[in-house]
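Residue-level structural notes
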Amino acid sequence: MNNRTKQIQSFDVMVLGAGIVGVSTAIHLLRMGLDVVLLDRAHPGAGASSGNAGIVQRNGFVPHAIPNRPQELLGILAKQSSAVSYDLRTVVRMLPWLRRHKAAGSSRGVETYSRVIAPLRAFAIGEHLELARSINADRFYRQGGWLHLYRNESAYRSGEVERFYARVFGVAYQELSAGELAKLEPGLKATGLTAVHWPESCSVSNPGAVLDALWRAYIREGGEYMRGDAGKLQRQRGGFALEGERGPVFAKNAVIALGAWSSEVLKGFGEPYPLAVKRGYHMHYRPLSSASLSRPVVDVANGFALTPTDNGIRLTTGVELAARDAPPNPNVIKLARRRAEEIFPLGRPLQDEPWMGSRPCLPDSLPVVGASPTIPRLWLNFGHADDGFTLGPITGRLLAEMIGGKSPFLDMSGLSPLRFVT
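We now turn to the structure provided with this report.

What counts, and where the lines are drawn
- Residues numbered from 1 in each chain as written.
- Predicted model: local features only at pLDDT ≥ 70, side-chain atom pairs only at ≥ 80, totals over all residues.
- Heavy atoms only, no water.
- Patch = residues over 30% accessible without salt bridge, like charges linked within 9 Å, V, L, I, M, F, W, Y side chains within 5 Å.
- Areas by Shrake-Rupley, 256 points an atom, 1.4 Å probe, with all protein chains shown as cover.
- Salt bridge = Lys/Arg side-chain N within 4 Å of Asp/Glu carboxyl O.
- Helix = DSSP H or I, 4+ residues; strand = E, 2+ residues; numbered from the N terminus.
- Buried < 20%, exposed > 50% of the residue type's maximum accessible area, 1.4 Å probe, protein only.
- Core = buried A, V, L, I, M, F, W, Y, C linked by side-chain atoms within 4.5 Å.
- Contact = heavy atoms within 4.5 Å.
- Arc of directions from axis to C-beta.
- Polar contact = N/O pair within 3.5 Å; in protein donor to acceptor, adjacent residues only side chain to side chain.
- Pairing = 2+ DSSP bridges.

**Remarks on a nonpolar patch on the surface**
A surface patch of nonpolar side chains, about 270 Å² in accessible area, is lined by Leu 88, Val 92 and Leu 95. Along the chain, Val 92 falls in helix 4 (residues 88-104).

Structure (structure tokens):
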């Protein structure tokens, strides 16, 4: 029997994209009593949701900016920066987006960002932990916060705006000298370093396992999952249709939660968004001399993070500005490893090749969450930039409340798709 003769499977909502944003949206919808199908071309969590540093941030009130100090710019131009690497043709193509991104990093833009993101961050950890308890994944979560590392006074001063807004929103932090840092994390080569400890954040030992537990719970609770190509989504009278691996699927509502692939589908519906891609890599290492870390650390100026995981120390890189589907650039992880080994003995790699993924970024560094401005019953939840793992569960809950006809418990106006409608 071919797909044309198979019976159409009907649902209240189809969620397109099985990363942490899409799966969180789907499980919240399911728990509201709706019939839900989750579709993706790949296995759930195969993209950026499993490849991140595993941090659930309580801090983070300033959007990530492209470095602009002369020494940093020279390093980037010479392709010696582990914070930002680039393909020149991609950068030229991105110039309009980069100009908008820079404007959003102005004093006024930072204030706007901070006031929109602060309520989300206030509830993000609680939402993670509540979901984790409900799916028996709380064993992957650990307290203890994370560390921002600084190698010189200039780098430390660059973080003052972030610390200012942390004080505004009542988020605790501790400034650490090299000696204090060495006591907290003996495995680090702390000489010459200072640090800021953000104790209210938490982290996970295995981001991929968290996502796996989440989507398996969704299935156990009665949700449907199947492979399907979101690029073939079609509007039909009363809803949306898509050919899934087990035949045609119809739903009254559709959610676009496709991360870096979201804009392609929406362009096909005549609704473009200025979505750019920042690529990132990770590798796992077995540290030398029994060195260890008890929490994630990020070298702010050099852009990399080191996270203790179930699979060794995970090194995640800074930003690569390159085409989403271009071949991996091995120099990115090599440069990040060289910088990282200046402060921690990484040891031997535990993978043959680095993992690579794409972070979907809008110019103001905030996600789009809400109803499509032009297409009834089409809902959007994408563009989380570096915060997909942190914010996926909370934006999934908020969007599910909107779809279910409830008033979201947070003001969603700052995330509205309307801000990109001209």
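Next comes the rest of the description.
**Here's the deal with the pattern of salt bridges**
When the charged atoms of two side chains with opposite charge come close together, those side chains can pair. What the rule picks out here adds up to 21 salt bridges. Close ionic contact of Lys 252 with Asp 12 constitutes a salt bridge, the shortest N to O distance being 3.7 Å. Placement of the pair is Lys 252 in strand 13 (residues 247-256) and Asp 12 in strand 1 (residues 9-16), with a sequence separation of 240 residues. A relative accessible area of 18% means that Asp 12 is categorised as buried. Where Arg 163 meets Glu 160, a salt bridge forms, and the shortest distance between an N and an O atom there is 3.3 Å. Placement of both Arg 163 and Glu 160 in helix 7 (residues 160-168) is noted, with a separation of three residues, approximately one turn of the helix. The class of Arg 163 is buried, set by a relative accessible area of 1%.

**Considering the nonpolar core**
Grouped together as the largest cluster of nonpolar side chains are 69 residues, with contacts concentrated most on Val 15, Leu 38, Leu 120, Tyr 141, Leu 214 and Val 255. The dominant element in this core, judged by the number of residues it contributes, is helix 5 (residues 107-134), at eleven residues. When near neighbours in sequence (up to four residues on either side) are disregarded, Tyr 141 contacts Val 56, His 128, Leu 129, Ala 132, Cys 202, Ser 203, Val 204 and Val 210. Within the second largest apolar cluster, 27 residues are counted, among which are Leu 16, Val 265, Leu 266 and Phe 382.

**Here we look at helix 11 (residues 330-340)**
Listing the buried residues of helix 11 in full gives Val 332, Ile 333, Leu 335, Ala 336, Arg 339 and Ala 340. Projection of helix 11 onto a plane perpendicular to its axis shows the buried side chains occupying an angular sector of 165°, all on one side. Close packing links the buried residues of helix 11 with strand 4 (84-86), strand 14 (276-286), strand 16 (305-309), strand 17 (312-316) and strand 18 (319-321). Capping the start of helix 11, Asn 329 holds a side-chain oxygen 3.0 Å from the backbone nitrogen of Asn 331, two or three residues further along.

**Observations concerning the sheet that holds strand 3 (residues 55-56)**
Sheet strands line up and pair through hydrogen bonds in the backbone, either parallel or antiparallel. Judged by pairing direction, the sheet is antiparallel, and its three strands sit side by side in the order 3-9-5 without closing on themselves. Each edge of the sheet is formed by a strand with only one pairing partner; in this case those strands are strand 3 and strand 5 (141-142). Sheet analysis places strand 3 next to strand 9 (residues 202-204), joined by two bridges and oriented antiparallel. The residue of strand 9 that forms the bridge with Ile 55 is Ser 203.

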